[in-house]
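Structural features, examined
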Amino acid sequence: MKKIIPLLSLFALLACQSNSENTSCQEFETSIEILNERIEQTLTEIQNLETTIYNRRITVIRKSLDEIMLNFDLIEKNYSNSDSYDDQIELVINELDFLGTNIDYSRNVIDSSLIRQMDHCKKEIRDLQNLGKWTCDAISEYKITSVKERVVNLIYTLSRTDKYLFNKVELIEFPDSKALGKYPYEITEDDSLGFSLRLIAYDTTQLLKTYYWIDDSLKKPENKFVHESWDKFYIKGNKGRHKIYGEYEVFENGKRYLKNWETEYLVK
C-alpha cells in the first residue's frame, strides 16, 4: 500500500497557492483519484479479513470504519459549512478514540508506534478545521482525502497488529520441581521453596483444542485424548514414570497452527 504523496500534487499545491485559481489546480483531480483508489483497495482488504479468525477485533473495526467513512464523506461535502464541518471532524476523532480504547476490550494492544500514528492522524484531522476557503476547491478536497487515506491505512494496520489475540489474563505460580505433586507444598525448616510466576493469556471466545498421548511418541490415533475446555484436565497412570506427548491449537497471525508440547510425571 503506497503512502507517498505524488510529486505532481506537491508541485500543484505550490502553483495553486502562488498563482490564484488556474489550470494547475486541475492537476489535483488526478492526485485525488489516485488517493481514492488506494483507499478503496485498503477498504476491500479490511472487508476481506475473515471474521471467524479476527472475530472481535474485526467486528469493532468494521463498525468504526463505516462510521469514519460516512463522516469523512460529510466532511468533504460540508467543508464550507463550518458548523456541520466541525461536527463531523469531532465524530471522526471520537471514533478513533473508541478504537484506541475498545479494540480488544480488556487490554491495550496498541504499541507506542501505533499510538504515535493515531495521535498524528487525530492532529491532521483537527488541522482540517483550519482549511478555510482556498483558491480552488480541489486543494481542500485533496487535503481531506490525504488525511482520510492515512486514517484508513492506520485502521488497516490496527486490524493486523497482534500476533496473538486474547481477552483474559491470569497469574500462575510454578513451584520448584521437587515440590510438584505435593499440596500444600512441603519443605524442611532449613530449606526454601522457589517459585516462578507467569502470566497466561487466552481468548475465551475461541475454544482451542489440546491433544495428547500418554507414553506414545508415535501419537497413534487410537491412543489420542482430546481436551476441549479452558478448565483443568487430570491424568492418571500406573506406577512409574510416564511421558505425555501433546499438541495444542493456537491462532498465530490470524491462522490456526498446531504446536507440540511434552511433559513427564511420576506415579508412586
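This report concerns the structure included in the present document. What you see is a predicted model, and the numbers here were worked out from it, not measured in a lab.

Cut-off values and rules
Residues numbered from 1 in each chain as written. Predicted model: local features only at pLDDT ≥ 70, side-chain atom pairs only at ≥ 80, totals over all residues. Heavy atoms only, no water. Phe/Tyr/Trp six-rings, centres within 6.5 Å; stacked < 30°, edge-to-face > 60°. Helix = DSSP H or I, 4+ residues; strand = E, 2+ residues; numbered from the N terminus. Buried < 20%, exposed > 50% of the residue type's maximum accessible area, 1.4 Å probe, protein only. Lys NZ or Arg CZ within 6 Å of the ring centre and 35° of its normal. Core = buried A, V, L, I, M, F, W, Y, C linked by side-chain atoms within 4.5 Å. Contact = heavy atoms within 4.5 Å. Axes fitted to C-alpha atoms, helices over the stretch in contact; angles between N-to-C directions. Parallel < 35°, antiparallel > 145°, perpendicular 65-115°, else oblique. Left-handed = near helix turned anticlockwise from the far one by under 90°. Polar contact = N/O pair within 3.5 Å; in protein donor to acceptor, adjacent residues only side chain to side chain. Salt bridge = Lys/Arg side-chain N within 4 Å of Asp/Glu carboxyl O. Expected span 1.5 Å × (residues − 1). Arc of directions from axis to C-beta.

A separate point is the packing of aromatic side chains. Following the criterion strictly, the structure yields two aromatic pairs and no others. Pairing Tyr 212 with Phe 225 gives two aromatic rings, centres 5.1 Å apart and planes at 10°, and the pair type is stacked. In this pair, Tyr 212 is assigned in strand β3 (residues 210-214) and Phe 225 in strand β4 (residues 225-227), connecting sequence segments 13 residues apart. Assessed through its relative accessible area of 8%, Tyr 212 is described here as buried. Where Tyr 212 meets Phe 233, the ring centres are 5.0 Å apart and the plane angle is 15°; that geometry is what we call stacked. Taken together, the residues Tyr 212 in strand β3 and Phe 233 in the loop between β4 and β5 (240-252) connect sequence positions 21 residues apart. Lys 224 extends its terminal NZ or CZ atom over the ring of Tyr 211, reaching a point 4.3 Å from the ring centre.

Looking now at the environment of Leu 99. Here Leu 99 lies in helix α4 (residues 82-102). Sequence spacing of Leu 99 and Leu 65 is 34 residues, and the spatial spacing of their C-alpha atoms is 9.5 Å.

Next up on the list: the nonpolar core. Within the largest apolar cluster, 31 residues are counted, with the highest numbers of intra-cluster contacts made by Phe 72, Tyr 85, Leu 96, Ile 125, Ile 144, Val 151 and Ile 155. Counting only elements with at least two residues in this core, the list comes to α2 (27-47), α3 (51-78), α4, α5 (112-127) and α6 (137-158). The element best represented in this core is α6, accounting for eight residues. Discounting residues that sit within four places of it in the chain, Ile 125 has contacts with Phe 72, Ile 89, Val 92, Ile 93, Leu 96, Val 147 and Val 151.

α6 packs onto α5 with a crossing angle of 155° between their chain directions and a minimal axis gap of 10 Å. The angle between α5 and α6 falls in the class roughly antiparallel. Pair α5 / α6 crosses with left-handed handedness. Contacts between α5 and α6 pair Leu 114, Gln 117, Met 118, Cys 121, Glu 124 and Ile 125 from the former with Val 147, Arg 150, Val 151, Leu 154, Thr 157 and Leu 158 from the latter.

Position of Lys 122 among the secondary structure elements: in helix α5. A polar contact of 2.5 Å, which involves the side chain of Lys 122, links it to the side chain of Asp 97.

Scanning the entire structure with this criterion turns up 11 salt bridges. Here Lys 219 and Glu 247 are joined by a salt bridge, their closest N and O atoms 3.2 Å apart. Placement of the pair is Lys 219 in the loop between β3 and β4 and Glu 247 in strand β5, with a sequence separation of 28 residues. A relative accessible area of 22% places Lys 219 in the partly exposed class. For Glu 247, a relative accessible area of 18% puts it in the buried group. Put simply, Arg 241 and Glu 264 hold a salt bridge, and the shortest N to O gap is 3.6 Å. Of this pair, Arg 241 sits in strand β5 while Glu 264 sits in strand β6 (residues 255-267), placing them 23 residues apart in sequence. Among the residues examined, Arg 241 registers a relative accessible area of 58% and is labelled exposed. Residues joined in a network through salt bridges with shared partners are Asp 97, Asp 119 and Lys 122.

Once that is clear, we can look at α5. Along an α-helix, residues three or four positions apart point the same way, because every turn accommodates 3.6 residues. In this model, α5 (16 residues) spans 22 Å end to end at C-alpha, consistent with the 22 Å of a helix rising 1.5 Å per residue. Taken together, the buried positions of α5 are Leu 114, Met 118, Cys 121, Lys 122, Glu 124 and Ile 125. Within α5, the buried residues cover an arc of 160° as seen down the axis, which keeps them to one side.

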